[in-house]
Amino acid sequence: MSATIIGSALAALTTVTTVVVATLPEAQMLLSPLTEGGHEYAAVSAGLIVSLPILAVLTLLAGSAKD
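As the structure is a computational prediction, the values presented were derived from the model and not from experiment.

**Points about the overall build of the chain**
Helix and strand content of the chain: four helices and zero strands. Going from the N terminus to the C terminus, the chain shows its helices and strands as α-α-α-α. Out of the 67 residues belonging to the chain, those deemed buried represent 4%. Surface accessibility of the chain: about 5,600 Å² in total, with carbon and sulfur atoms responsible for 75%.

**Considerations on helix α4 (residues 42–66)**
With 25 residues, α4 should reach 36 Å at 1.5 Å per residue; the first-to-last C-alpha distance of 37 Å fits that figure. The principal kink in α4, of about 25°, is found at Ser-51, preceding the proline Pro-53 by one to four residues.

**Overview of a nonpolar patch on the surface**
Nonpolar side chains collect at one region of the surface, where Val-50, Leu-52, Ile-54, Leu-55, Val-57, Leu-58 and Leu-61 lie side by side and expose about 680 Å² of accessible area between them. With respect to the helices and strands, the residue Val-50 is situated in helix α4.

**Notes on the environment of Thr-14**
Here Thr-14 shows up in helix α1 (residues 2–23). A polar contact of 2.7 Å, which involves the side chain of Thr-14, links it to the backbone oxygen of Leu-10.

**Topic: the confidence of the model for the chain**
Looking at the chain, the pLDDT average stands at 76 and 82% of residues meet or exceed 70. No element of the chain has a lower mean pLDDT than helix α3 (residues 32–35), at 66, and none a higher one than α4, at 81.

About the criteria used
- Residues numbered from 1 in each chain as written.
- Predicted model: local features only at pLDDT ≥ 70, side-chain atom pairs only at ≥ 80, totals over all residues.
- Heavy atoms only, no water.
- Helix = DSSP H or I, 4+ residues; strand = E, 2+ residues; numbered from the N terminus.
- Buried < 20%, exposed > 50% of the residue type's maximum accessible area, 1.4 Å probe, protein only.
- Areas by Shrake-Rupley, 256 points an atom, 1.4 Å probe, with all protein chains shown as cover.
- Expected span 1.5 Å × (residues − 1).
- Bend = angle between axes of the 7 residues up to and from the residue.
- Patch = residues over 30% accessible without salt bridge, like charges linked within 9 Å, V, L, I, M, F, W, Y side chains within 5 Å.
- Salt bridge = Lys/Arg side-chain N within 4 Å of Asp/Glu carboxyl O.
- Polar contact = N/O pair within 3.5 Å; in protein donor to acceptor, adjacent residues only side chain to side chain.
- pLDDT = per-residue confidence, 0-100.

The structure is reproduced here in structure tokens:
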């Protein structure tokens, strides 16, 4: 069951990301360190992009713990 949830969340995240990148030209510039080869900040950018959803989940958990 958790694989279904993870798959659904991944599909939704991919769809939202595709729409944002297609509609906002600034998003393409934001992702340029990942898409350009040999960029010195590629690892840092990848780390930030990976950590943002985790921080969002932790924020939701912290908010629900206060209630």
